[in-house]
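This is what each chain is made of:
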Amino acid sequence: MTSAHSDPAPVTVRVPAKVNLELLVGPLRDDGFHSLSTVYQAVNLHDDVTVALDDDWGCTVSGAGTDSVPTDDSNLAMRAARLLHDEIGLDAPVHITIAKTIPVAGGMAGGSADAAAALVACDRMWSLGLSSEELEEYAAELGSDVPFLIRGGTAVGSGRGERLAPVLARGNFHWVFAISDIGLSTPEVYAECDRLRGSAPVPEPTPSTELMSALRSGDPRALAAQLTNDLEAAAISLRPELGEVLESGMEFGALGGIVSGSGPTVAFLVEDVEAAIDLTVALTATGTAREVRKAVGPVHGAHVIPARVD
Ligand code: ATP
């Protein structure tokens, strides 16, 4: 372990998960991405990412379901730290410790969140003083969702999802997430979406004004009526069990339900914290999901917290 007196102290950053309130998939672009219009909301399921100087690059990951998370250079947090390190021209290897509570491969952007956290943590550790705009530019190089996880709150994403504009959302929204073990990869879901659409022309997507006014009203019933995900039919076509999870959440009193991003997590919007507790208990009892978690949004994006003492 590097221990020179002048070494900067380790930095821990807490980063939220995201849910897409609206995910409109446009035409396939020449670069292989679909153009998107999406409305993100950050919710308080968190990962904590700690960066510390070390003799070699390395990564340690803990938490449920993390066996499949790589600890080599393909880990998105490692890629983020290396990007900033190389860009700044440093020679100072970093060890990254990730404590995950964001479901792995769940359509809640856990890997992207860790990348966002690593950028913010390295910026602080190396006292780079990068602006939010500069951090978001680096973030966009790492993935479409990464800039939003730096920013947090509620925002519209266009382009591949990386070009952000803030959205006015009043109050807090209560969510229940049904997290399943069903494997579903993001490219697989987009390919199924293309297959289901066939050769029909697809218009450029734009955010719906009804969703914007529902967010401004702070009324969960109005928002529930506007939840939209163009990838949902594809995710259900590949894994019909997801349709059953959606049905049981609605039967147990959710105001609205949606597949989160490319799935397989299903997100339910409920009236208030009591309804969230009731739905969590009911869904847990049915055993339709591996795990059921409640959360609130919107919350802040990646931010420094006091160092973890483990
Ligand atoms: P998205 O919503 O962005 O499509 P996701 O939430 O479905 O992503 P992730 O949790 O980001 O899925 O994981 C997708 C894959 O990315 C994992 O199976 C893993 O192999 C890889 N990965 C790389 N780095 C990380 C990381 N730090 N945390 C989780 N997964 C990572």
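Residues numbered from 1 in each chain as written. Predicted model: local features only at pLDDT ≥ 70, side-chain atom pairs only at ≥ 80, totals over all residues.

- As annotated in an unreviewed UniProt entry, the protein is 4-diphosphocytidyl-2-C-methyl-D-erythritol kinase from Knoellia remsis.
- Recorded in UniProt for the protein, the comment headed Pathway (unreviewed entry) runs: "Isoprenoid biosynthesis; isopentenyl diphosphate biosynthesis via DXP pathway; isopentenyl diphosphate from 1-deoxy-D-xylulose 5-phosphate: step 3/6."
- The UniProt entry for the protein carries the following text under Sequence similarities (unreviewed entry): "Belongs to the GHMP kinase family. IspE subfamily." (UniProt positions renumbered as here; feature names shortened; annotations may be inferred.)

1. Notes on the site of the ligand
And step 1. The ligand sits among 21 residues. The nearest are Leu76, Ala109, Gly110, Gly111 and Asp114.
And step 2. Of all the elements in the fold, those that place two or more residues in the shell around the ligand are helix H1 (76–88) and helix H2 (110–125).
And step 3. It is H2 that contributes the most residues to the shell around the ligand, 4 residues altogether.
And step 4. Taken together, the residues of the shell around the ligand break down into 9 nonpolar, 10 polar and 2 charged.
And step 5. Counting contributing residues per domain, the shell around the ligand is built from domain 1 (11–167) and domain 2 (173–297), each supplying no fewer than three. (Near = placed C-beta within 6 Å. Helix = DSSP H or I, 4+ residues; strand = E, 2+ residues; numbered from the N terminus. Nonpolar A, V, L, I, M, F, W, Y, C, P; charged D, E, K, R; others polar. Domains from an automatic or database assignment.)

2. A look at the pairing of strand S4 (residues 94–100)
And step 1. The element S4 is largely enclosed, with a buried count of 5 among its 7 residues.
And step 2. Note that strand S2 (residues 34–53) and S4 share 7 bridges and pair antiparallel. Counterpart to valine 51 in the pairing with S4 is isoleucine 96.
And step 3. In the sheet, strand S3 (residues 58–62) pairs with S4 via 5 bridges, with the strands oriented parallel. Each residue of the ladder has a partner; that of serine 62, found in S4, is alanine 99. (Buried ≥ 20, exposed ≤ 12 C-beta atoms within 10 Å, placed from the backbone. Pairing = 2+ DSSP bridges.)

3. A look at the UniProt feature "binding site: ATP" (unreviewed entry) in the protein
And step 1. Following the UniProt record, one finds the feature "binding site: ATP" (unreviewed entry) at Pro103, Val104, Ala105, Gly106, Gly107, Met108, Ala109, Gly110, Gly111, Ser112 and Ala113.
And step 2. The topology assignment puts glycine 106 in the loop between S4 and H2.
And step 3. A residue is classified by how many C-beta atoms lie within 10 Å of it, and glycine 106, with 26 of them, is buried.
And step 4. Every residue in contact with glycine 106, bar those within four places of it in the chain, is listed here: Ile179, Ser260, Pro264 and Thr265. (Contact = placed C-beta atoms within 7 Å.)

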